[in-house]
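# Inside the fold
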Amino acid sequence: MAEEKATRRRPRAWHTAVALLVCAGAAATVALVAGSGGAAAPYDFNGDGKPDLTVGLPGNTVGGHARAGSVIIANGTSTGPASSAVRIDQASPGVSGDPEADDSFGQSVASCDFDSNGYADLAVSVPLEAVGTTEGAGLLSVHYGSSGGIYNSPSEVFTEDTTGYPGSVAKDEILAHSLAAGDVNGDGYCDLAVGQPLDSADGASNAGTVKIMLGTSSGLNAADTVQIDQTTANVPGVPEAEDRFGEQLAVADVNGDGVGDLISATIGEQISGSSDRGSLHILYGPIKSGAPASGGYVDSGNVTGIGEFAGSALAVGHFNDDGYADVAVGVSDQQVGAKGAAGRLAVLYGGSQGLSATSRVKLFDQSSPGVSGGPESEDSFASSLAAGDFDGDGVDDLVIGMRNEAAGSATGSGAAMILFGNATGGITTKGVLWIDQDTAGVPGAVAAADHFGWTVGALDTDGNGRVEPLVGAPGNAAGTVTVLKVRPGTLESATALAEADLGFTAGSDGDAFGIALAH
């Protein structure tokens, strides 16, 4: 079935949840810092050395409840994702809570070995979960890996009503909108950052907060969780209404000190003295006693050309070989020429002082030399990003989603692009690949509102050391995920997967399979 052409019926229901979530980045960002020797790689839930394909479908109907949401997990094998999988939702054995309409379980996912027992664990966002009678308060569901994988393994849930957990429940504050994992306090255990950009801080609505859940030998818990916002020591700025601190999150060691640093995209931040919006907060580890060691700030007013809600997507990688992690920043609403919301990508390179507006910054858009296509209004170039070593040269590469790219008259059909890193030059356009459903070798057919590239991901699905770019098309009927193998200038293979390819009955329009992917 992977090679069959999908039906051209189009879902609409999943757009409703996305509207409230304001196009949430659905693939969480995993740290590029060393963990303890016994820890499993992210997404390796059964500890066999092969990461397991993890796909969110927040629009799935569960027990008759529309858009309650699920996550599908297919074990990694030497030939890629297994042809059978498990589905986890709030009706699964051992999972707390009950499926309810519009919960959106699986809107975002993140993975790390939080208890360092040799099995990766999975954090799942349920951002529209009602807590009591409070709608849209949000919930985090954590599932612990084992030799048998994730299904029916121990799990626990956290809300702002959980004893000892910071914050207070409020309507539409969507706890767990964004997720990122990595060791931010330097103790060898992987930690989880939980973004809540619509949370109030210091009385400012939608100013945003981030909760840091510290990993321990027993996993994550409320007692080892702290809340950070712009009133926290060493966090630059002050909370202001609509800042949306924590909109997107990533963890990476950008200053090379061996401890993970937390990067927060604060996309609504109004830059003083200009019309620009969007900034990056860099919270340098170790984060201890509830605060980062120091803080950095990159505002869009000091980087020409990224002033329209900078930070709509984040990805981290070593795009050259200098020992410092780098950060790719999506600015999908950026006007390019006269084309509104055509979108732009900024790559900021790390160094001994971390990130700053004076760091080396490279910008790319569809008017850049060597980049395919041309900027068009509402393309949303760089609306999703993911990084990994796709060609096996030891340097990370970047996959870029363009969720609204039109192929001919097929508006919103979507596309993706691969930019390759190199040891001395970082990300360049050399060997760039354009991928859509009209590309030779890519299954499917271009159709309006497929949104191929709405979400992109990266995972070594066959455990051979080369990472595969993943491209989600949640609007392609019930949704598809395309697994790519690429080298500079060459698409080696493309395999499209739908729910039926993983052992389930065909999904329904609106499932949004592929809106959350491993990152």
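Residues numbered from 1 in each chain as written. Predicted model: local features only at pLDDT ≥ 70, side-chain atom pairs only at ≥ 80, totals over all residues. Heavy atoms only, no water.

In the annotation of an unreviewed UniProt entry, the entry for the protein reads FG-GAP repeat protein, and the organism field reads Streptomyces ferrugineus.

To continue, consider the overall build of the protein. If you tally the helices and strands in the protein, you get one helix and 31 strands. When the backbone C-alpha atoms are referred to their principal axes, the protein occupies close to 55 × 50 × 40 Å. The buried share of the protein, reckoned over its 519 residues, is 61%. Counting contacts in the protein only where the partners sit at least 6 residues apart, residues at least 24 apart contribute 58% of the total. As presented, the protein carries roughly 16,500 Å² of accessible surface, and 48% of it is formed by carbon and sulfur atoms. Charge centroids of the protein, computed over 22 positive and 63 negative side chains, lie 9 Å from each other. (Helix = DSSP H or I, 4+ residues; strand = E, 2+ residues; numbered from the N terminus. Buried < 20%, exposed > 50% of the residue type's maximum accessible area, 1.4 Å probe, protein only. Contact = heavy atoms within 4.5 Å. Areas by Shrake-Rupley, 256 points an atom, 1.4 Å probe, with all protein chains shown as cover. Lys, Arg positive; Asp, Glu negative; His and termini not counted. Charge placed at Lys NZ, Arg CZ, Asp CG, Glu CD.)

Here we come to the domain arrangement of the protein. Under the domain assignment, the protein is made up of domain 1 (26-300) and domain 2 (312-518). If you average the C-alpha positions of domain 1 and of domain 2, the two centres end up 22 Å apart. Across the contact, 53 residues belong to domain 1 and 45 residues belong to domain 2. Across the domain 1 to domain 2 interface the summed buried area is about 3,400 Å²; carbon plus sulfur atoms make up 68%. Taken together, domain 1 and domain 2 are joined by one salt bridge. In this structure, R87 and E499 form a salt bridge, with 3.4 Å as the shortest nitrogen-oxygen distance. Counted by class, the side of domain 1 that touches domain 2 contains 30 nonpolar, 19 polar and four charged residues. (Domains from an automatic or database assignment. Buried area = accessible area lost by both parts, 1.4 Å probe. Salt bridge = Lys/Arg side-chain N within 4 Å of Asp/Glu carboxyl O. Nonpolar A, V, L, I, M, F, W, Y, C, P; charged D, E, K, R; others polar.)

This brings us to the sheet that holds strand 29 (residues 480-487). Pairing in this open sheet of four strands is antiparallel, and the strands run 27-28-29-30 from one edge to the other. Among the strands making up the open sheet, the edge pair consists of strand 27 (455-459) and strand 30 (490-497). With strand direction ignored, the average angle separating the axes of adjacent strands in the sheet is 25°. As judged from the seven bridges shared by strand 29 and strand 30, these two strands associate in the antiparallel manner. Bridged to V483 within strand 30 is T495. (Pairing = 2+ DSSP bridges. Axes fitted to C-alpha atoms, helices over the stretch in contact; angles between N-to-C directions.)

A few words now on the sheet that holds strand 31 (residues 516-517). Here four strands make up an open sheet; going across it, the order is 6-3-2-31 and the pairing antiparallel. The two strands at the open ends of the sheet, each matched to only one other strand, are strand 6 (86-88) and strand 31.

This part covers unusual backbone geometry. Cis geometry marks the peptide bond from G285 to P286, where omega comes out at 5°. With respect to the helices and strands, the residue P286 is situated in the loop between strand 17 (277-284) and strand 18 (294-299).

With that out of the way, let us pick up the state of the cysteines. Per the counting criterion, the structure on display carries one disulfide. A sulfur-sulfur separation of 2.0 Å characterises the disulfide bridge that pairs C112 with C190. A torsion of 90° about the S-S bond marks the disulfide between C112 and C190 as right-handed. Remark: C190 occurs in the loop between strand 11 (178-182) and strand 12 (191-196) and C112 occurs in strand 7 (residues 109-112); sequence separation between them is 78 residues. With relative accessibility at 10%, the residue C112 sits in the buried group. What makes C190 buried here is its relative accessible area of 8%. (Disulfide = S-S within 2.5 Å.)

The tally for this structure, following the rule as stated, stands at nine salt bridges. Residues E160 and K211 are paired through a salt bridge, measuring 3.0 Å at the closest nitrogen-oxygen approach. One end of the pair, E160, is in the loop between strand 10 (155-158) and strand 11; the other, K211, is in strand 13 (residues 209-213), with 51 residues separating them in the sequence. One exposure class covers both E160 and K211, and it is buried.

With that out of the way, let us pick up the packing of aromatic side chains. Under the criterion given, the structure shown has two aromatic pairs. Aromatic pair Y43 and F45: ring centres 6.0 Å apart, planes at 70°, arrangement edge-to-face. Relative accessible area serves as the criterion here: at 1%, Y43 is assigned to the buried category. Taking NZ or CZ as reference, R87 lies 4.2 Å from the ring centre of F504, over its face. Taking NZ or CZ as reference, R360 lies 4.0 Å from the ring centre of Y349, over its face. (Phe/Tyr/Trp six-rings, centres within 6.5 Å; stacked < 30°, edge-to-face > 60°. Lys NZ or Arg CZ within 6 Å of the ring centre and 35° of its normal.)

What follows deals with the environment of N404. Checked against the element boundaries, N404 lands in the loop between strand 24 (397-402) and strand 25 (415-420). It is 41 Å that separates the C-alpha atoms of N404 and S147, two residues lying 257 residues apart in sequence. Residues within four places of N404 in sequence aside, it is in contact with E378, D379, S380, G412 and H451. A distance of 3.3 Å separates a polar atom in the side chain of N404 from a polar atom in the side chain of S380. (Polar contact = N/O pair within 3.5 Å; in protein donor to acceptor, adjacent residues only side chain to side chain.)

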